Amino acid sequence: VQLQASGGGLVQVGGSLRLSCAASGGTFTDYAMGWFRQAPGKERKFVAGISRGGTRRSYEDSVKGRFTISRDNAKNMVYLQMNSLKPEDTAVYFCAADFTVTGVIDATDLPYDYWGQGTQVTVSS
């Protein structure tokens, strides 16, 4: 499976961005999908995840109410809508695919099998 993330950029505090991740080379609905981020000098951390069918979502506490993860299984796409952005949201954002039959959304990076290349999000104050 190949993942291609896009949509990052420079935005002011309070602004919005929509990240996209295009998947190819596999059966998209076999995978739960996640977004992670890594700020400079820090570990990569879970941001949001969505189940294979898109019916369940999970969010890291600091983004709840501001970020929304979604997927379009017909287009093999997963999205992260980010609103009310803060400087602490600045990071490289990665999409990832987790082959799973359990339906559980993993909030650690180890279970994820495939990773995109990352897209930079910078929130300026």
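Residues numbered from 1 in each chain as written. Predicted model: local features only at pLDDT ≥ 70, side-chain atom pairs only at ≥ 80, totals over all residues. Heavy atoms only, no water.

(A) Summary view of the pattern of salt bridges. Counted according to the given criterion, the structure contains 4 salt bridges. The salt bridge involving Arg 44 is made with Asp 109; its shortest N-O contact spans 3.4 Å. Here Arg 44 is found in the loop between strand S4 (31–38) and strand S5 (45–50), whereas its partner Asp 109 is found in the loop between strand S9 (91–99) and strand S10 (114–115), with 65 residues between them in sequence. A relative accessible area of 29% places Arg 44 in the partly exposed class. Put simply, Asp 61 and Lys 64 hold a salt bridge, and the shortest N to O gap is 3.0 Å. (Salt bridge = Lys/Arg side-chain N within 4 Å of Asp/Glu carboxyl O. Helix = DSSP H or I, 4+ residues; strand = E, 2+ residues; numbered from the N terminus. Buried < 20%, exposed > 50% of the residue type's maximum accessible area, 1.4 Å probe, protein only.)

(B) The environment of Gln 120, seen in detail. Note that Gln 120 resides in strand S11 (residues 119–124). For Gln 120, a relative accessible area of 40% puts it in the partly exposed group. In this structure, the C-alpha to C-alpha distance between Gln 120 and Leu 10, residues 110 residues apart in sequence, is 8.3 Å. Every residue in contact with Gln 120, bar those within four places of it in the chain, is listed here: Gly 8, Gly 9, Thr 90, Ala 91 and Val 92. For Gln 120, the side chain forms a polar contact with the main-chain oxygen of Ala 91, separated by 3.4 Å. (Contact = heavy atoms within 4.5 Å. Polar contact = N/O pair within 3.5 Å; in protein donor to acceptor, adjacent residues only side chain to side chain.)

(C) Representation of the nonpolar core in the model. Core analysis: the biggest nonpolar cluster contains 28 residues, and Trp 35, Leu 80, Met 82 and Tyr 93 have the highest contact counts within it. When contributions to this core are tallied by element, the ones reaching two or more residues are strand S1 (2–6), strand S3 (17–24), S4, S5, strand S7 (67–72), strand S8 (77–82), S9 and S11. (Core = buried A, V, L, I, M, F, W, Y, C linked by side-chain atoms within 4.5 Å.)

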